[in-house]
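Fold and geometry: a report
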Amino acid sequence: MTSRIFIGIVVLSFVILLLILLLRRLKQPYFIAYMLAGVLLGPEVLGIIGKGESIGQLGELGIILLMFFIGAEINLPNLAKNFQKPVLAALVQVLLSVGLMWGIGYYLVWSPTTILLTGFIISLSSSAIIFQYLSRNGEINSPVGLITSGVLLIQDILIVPMMLTLNFLARGAVEPAELVKVTIGAVLIVAFLRTAFMKKLFKIPFKKDLLDDHDLQLFIGFSLCFGMAWVTHWFGLSAALGAFAAGIVIGLDKSTRWLGRSLEPFRVFFLAFFFMSIGLQMHLDFIRENSGTILFVALSVLVINSLVNAVVFRAMGQSWRDSVYAGALLSQIGEFSFVLMTLALDLGLVGSYTHQITLAVIALTMVMTNIWIAAIQNFIYKLRKPKLNSS
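In this text the structure is predicted, and so the values were computed from the model without any measurement.

Calculation rules
Residues numbered from 1 in each chain as written. Predicted model: local features only at pLDDT ≥ 70, side-chain atom pairs only at ≥ 80, totals over all residues. Heavy atoms only, no water. Helix = DSSP H or I, 4+ residues; strand = E, 2+ residues; numbered from the N terminus. Buried < 20%, exposed > 50% of the residue type's maximum accessible area, 1.4 Å probe, protein only. Contact = heavy atoms within 4.5 Å. Polar contact = N/O pair within 3.5 Å; in protein donor to acceptor, adjacent residues only side chain to side chain. Phe/Tyr/Trp six-rings, centres within 6.5 Å; stacked < 30°, edge-to-face > 60°. Expected span 1.5 Å × (residues − 1). Bend = angle between axes of the 7 residues up to and from the residue. Salt bridge = Lys/Arg side-chain N within 4 Å of Asp/Glu carboxyl O. Core = buried A, V, L, I, M, F, W, Y, C linked by side-chain atoms within 4.5 Å. Axes fitted to C-alpha atoms, helices over the stretch in contact; angles between N-to-C directions. Left-handed = near helix turned anticlockwise from the far one by under 90°. Nonpolar A, V, L, I, M, F, W, Y, C, P; charged D, E, K, R; others polar.

1. A few points about the overall build of the protein
Looking only at helices and strands, one finds 19 helices and zero strands in the protein. Taking all 391 residues of the protein together, the buried fraction comes to 49%. Of all intrachain contacts in the protein linking residues separated by at least 6 positions in sequence, the fraction that spans at least 24 positions is 78%.

2. With respect to the side chain of N309
Relative to the assigned elements, N309 resides in helix α15 (residues 291-315). On the accessibility criterion, N309 (2% relative accessible area) is buried. Within the local environment of N309, its side chain forms a polar contact with the backbone oxygen of N305, the two atoms lying 2.8 Å apart. Sequence-distant contacts of N309, that is, excluding residues within four places in its chain, are made with Q93, S323, G327 and L330.

3. Overview of the packing of aromatic side chains
Applying the stated criterion across every chain yields a total of three aromatic pairs. Between F31 and F275 the ring centres are 5.0 Å apart and the planes differ by 35°, which places this aromatic pair in the tilted class. Placement of F31 in helix α2 (residues 31-41) and of F275 in helix α13 (residues 258-281) is noted, with a sequence separation of 244 residues between them. F31 gets classed as buried once you look at its relative accessible area, which sits at 7%. On the numbers, 5.5 Å between centres and 70° between planes, the contact of F286 with Y353 is edge-to-face. Taken together, the residues F286 in helix α14 (residues 284-289) and Y353 in helix α18 (residues 352-367) connect sequence positions 67 residues apart. What makes Y353 partly exposed here is its relative accessible area of 47%.

4. Comments concerning helix α8 (residues 143-171)
With 29 residues, α8 ought to run about 42 Å at 1.5 Å a step, and its terminal C-alpha atoms sit 43 Å apart, in line with that. Helix geometry: α8 is bent most strongly at I157, by close to 25°, with proline P161 lying one to four residues after it.

5. Things to note about the pattern of salt bridges
As enumerated under the stated definition, the model contains two salt bridges in all. A salt bridge links D285 to R288, with the shortest nitrogen-to-oxygen separation between them at 2.2 Å. Of the two residues, D285 and R288 both sit in helix α14, three residues apart, roughly one turn of that helix. Classification of D285 as partly exposed rests on a relative accessible area of 44%. Between R321 and D322 there is a salt bridge, with its nearest N and O atoms 3.5 Å apart. Owing to a relative accessible area of 40%, R321 belongs among the partly exposed residues under this scheme. For D322, a relative accessible area of 21% puts it in the partly exposed group.

6. Structural notes on the nonpolar core
F31, Y34, I63, F275, I278, L340 and M366 are the most contacted members of the largest nonpolar core, which totals 120 residues. A total of twelve residues in this core trace back to one element, the largest contributor, which is α8. Contacts of Y34, omitting those with residues within four sequence positions, involve I16, I20, V268, A272, F275 and M276.

7. Here we look at the side chain of S323
Structurally, S323 is set in helix α16 (residues 320-329). Under the relative-accessibility criterion, S323 is labelled buried at 0%. For S323, the residues in contact, after removing those within four places along its chain, are N309, A310, F313, R314 and Q318.

8. Let's talk about the environment of V11
Positionally, V11 belongs in helix α1 (residues 2-26). With relative accessibility at 24%, the residue V11 sits in the partly exposed group. Taking C-alpha positions, V11 is 9.9 Å from A37, a pair spaced 26 residues apart along the chain.

9. Things to note about the packing of α2 against α18
It is the contact of α2 with α18, at a shortest axis distance of 10 Å, that shows an interaxial angle of 145°. Regarding α2 and α18, the two cross each other, and that crossing is left-handed. Residue-level contacts link F31, I32 and M35 of α2 to A363, M366 and V367 of α18. Class assignment for the residues of the contact of α2 with α18 results in six nonpolar, no polar and no charged.

Here it is, written out as structure tokens:
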């Protein structure tokens, strides 16, 4: 057993390393390498990694750590000043997505459940990809970056009522106790963040002693991040939301920068497992047989989401240039859409065909994100390019 695990780790590390070197040369994001590694090492190809359930659970830790890091980077006062805009933008965007899917679904004779589920799925963008993109480009605290970050945060919160809705559609009812618990949790998180904004809630003792003690740094970081994640999860909210709140509180104290250095390797490690779990679930024969449909739907989603979000941001008072750019940022389908689709499959709301099509479309929109954003930016640049006077 130990030998098999050892071989698996060696092969996994080597394959990911080769893929990363290739993608680095092509200037593409590394999460594509993790997904490809899942496909290559999974049961469909080499069969080195079997079931992806435990891999997926490890990957969820990566999302939690990512949200903790993003919370620590965000300028809370600036975000709080205009928080109404992200809330309104996210709500309108979800309503427009569901309404658009209702029109398409009515024409294609979809069931109301399929229409609602599809609308939910396309309305959720990828926090994992876009937060990293904004952070890498130094735009996370820019006006567009703050509103985009706020929209992503609200989307992560909206996953809870979406999951409750799917449970209602499957069972015909939602437990009142569950609804009360979620409401209390949401109120407490809002109150917690409001208090954090008004004054510092948390101070780490012996900060000078911690600067040279890597072990203490690591476990203080884990305790804060996963402790808050557990609290929000217990209330029925997203665990990633709790980690985000913990990151915001930590970020208010500028002397805790060492937390990021201590936890960064674990974020990379666990986030790689999340994207690997996506690759492990893909059926290559199915993708090959339905490649045309998958490509058409993925491109349609990118266009629809770009237009919807651009209109929403423009209505929020942003310039057309910033609105189109924000639309491109939020064009892909996100990781929490996997959660919704998996729940829908478990509840019997969708079949295997719909599950696999959706899985492939989500993955493809993620893979195409950087190319799509670059194309939109090039389009914006051409529109803004001054015309030369002809002589």
